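# Overview (structure and organization)
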Amino acid sequence: MTGVQTCALPISLALGISLFVKVELLSVYALGGILLTGMLLTYRSAFGTDGSDQMSNIVSAGLLVVAVPSGPVWCIAGFGFIAFQSCLSYTTAGIAKAISPVWRNGTALYKIMNTGTYGHAWLANVLSQNRVVGYLLCWVTIVFETTFPLSLMLPSKPLLLILAIGFLFHAGIAVFMGLNAFLWSFLASYPAIWVCNQLLRSEASDLILMR
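Residues numbered from 1 in each chain as written. Predicted model: local features only at pLDDT ≥ 70, side-chain atom pairs only at ≥ 80, totals over all residues. Heavy atoms only, no water.

## Some thoughts on the nonpolar core
- Grouped together as the largest cluster of nonpolar side chains are 23 residues, with contacts concentrated most on Y90, F148, L152, Y190 and I193.
- For this core, the secondary structure elements donating two or more residues are α3 (51–67), α4 (72–98), α9 (156–177), α10 (180–187) and α11 (190–210).
- When residues of this core are assigned to their parent elements, the largest contribution, 5 residues, is made by α4.
- For Y190, the residues in contact, after removing those within four places along its chain, are Y90, F148, L163, G166, F167 and H170. (Core = buried A, V, L, I, M, F, W, Y, C linked by side-chain atoms within 4.5 Å. Buried < 20%, exposed > 50% of the residue type's maximum accessible area, 1.4 Å probe, protein only. Helix = DSSP H or I, 4+ residues; strand = E, 2+ residues; numbered from the N terminus. Contact = heavy atoms within 4.5 Å.)

## Structural notes on the packing of helix α8 (residues 131–146) against α9
- For the pair α8 and α9, the least separation of the axes is 12 Å and the interaxial angle reads 130 degrees. Overall, the two elements α8 and α9 adopt an arrangement that is oblique. In this structure, α8 crosses over α9, and the sense of that crossing is left-handed. Every residue of α9 that contacts α8 at T141, F144 and E145 is listed here: I162, I165, G166 and F169. (Axes fitted to C-alpha atoms, helices over the stretch in contact; angles between N-to-C directions. Parallel < 35°, antiparallel > 145°, perpendicular 65-115°, else oblique. Left-handed = near helix turned anticlockwise from the far one by under 90°.)

## Focus on the pattern of salt bridges
- Throughout the structure, instances matching the rule amount to 1 salt bridge.
- Here K97 ties to E145 by a salt bridge, and the two come within 3.1 Å at their closest N and O atoms. With K97 in helix α4 and E145 in helix α8, this pair connects stretches of sequence that are 48 residues apart. Like K97, the residue E145 is buried in the burial classification. (Salt bridge = Lys/Arg side-chain N within 4 Å of Asp/Glu carboxyl O.)

## Looking at the side chain of K97
- Overall, the relative accessible area of 16% leaves K97 in the buried class.
- In this structure the side chain of K97 is engaged in a polar contact, spanning 3.1 Å, whose partner is the side chain of E145.
- Beyond its immediate chain neighbours, meaning those up to four positions away, K97 contacts W103, R104, T141, I142 and E145. (Polar contact = N/O pair within 3.5 Å; in protein donor to acceptor, adjacent residues only side chain to side chain.)

## Some words on α3
- With 17 residues, α3 should cover 24 Å at 1.5 Å per step; its first-to-last C-alpha distance of 24 Å lies within 8% of that length.
- By the burial criterion, the buried members of α3 are S52, M55, N57, I58, V59, S60, G62 and V66. (Expected span 1.5 Å × (residues − 1).)

## Some points on the confidence of the model for the protein chain
- Across the protein chain, pLDDT averages 82, with 73% of residues at or above 70.
- The secondary structure element of the protein chain with the lowest average pLDDT is helix α1 (residues 3–18), at 51, and the one with the highest is helix α5 (residues 101–104), at 96. (pLDDT = per-residue confidence, 0-100.)

## Re the environment of W139
- Relative to the elements of secondary structure, W139 occurs in helix α8.
- When sequence neighbours within four positions are dropped, the list of residues in contact with W139 reads W103 and R104.

In structure tokens form, the structure reads like this:
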């Protein structure tokens with residue numbers, strides 16, 4: 001365990017304590033420390049990082065802005081930053097898949113499951129025998145990711161359905177590809193999406209009433 005990782009343990013403990021102890025500056029310092037250690041770990045990493053590392057730092061930065069006791073504007077800015085970055089991540093990933101021939105023809109998942117790094121023998125065998133399933137899963141992934149930003153304006157029940165699908169999506173990635181960090185980092189952005197959804201829909205309703 002590196003020195004940076006060792007420092008992250010008491011900082012995370014301090015953040016947990018701040019949830020129960022009403023000391024505003026404690027959460028600010030804890031979130032600042034978590035963001036700093038996350039950035040240092042990214043900088044010192046000897047290998048390439050992935051989207052989960054970036055999203056973790058984004059969530060920490062956004063929550064730090066929210067935690068600063070400076071008024072509701074900063075809360076909106078912090079949650080808005082997290083929600084925008086989350087939607088952007090899904091959309092860019094979806095567009096990248098949509099322009100990829102192997103995703104459009106439905107063979108991408110089968111090929112991924114046959115790799116040594118991110119593969120899964122059982123699922124690869126299922127997809128090899130059921131190409132229609134692979135095709136459908138590829139296109140469900142494309143549609144889910146590219147249309148995810150619509151969640152910011154959906155009514156509450158459809159929004160909950162989208163977020164539930166997102167949970168299952170990342171849980172599947174964790175189980176079959178071993179990318180566990182994506183589950184926690186992207187799910188951590190969902191409360192911000194909920195908050196921004198409520199704010200945007202409230203503003204839209206006010207504008208309609210004013211007319």
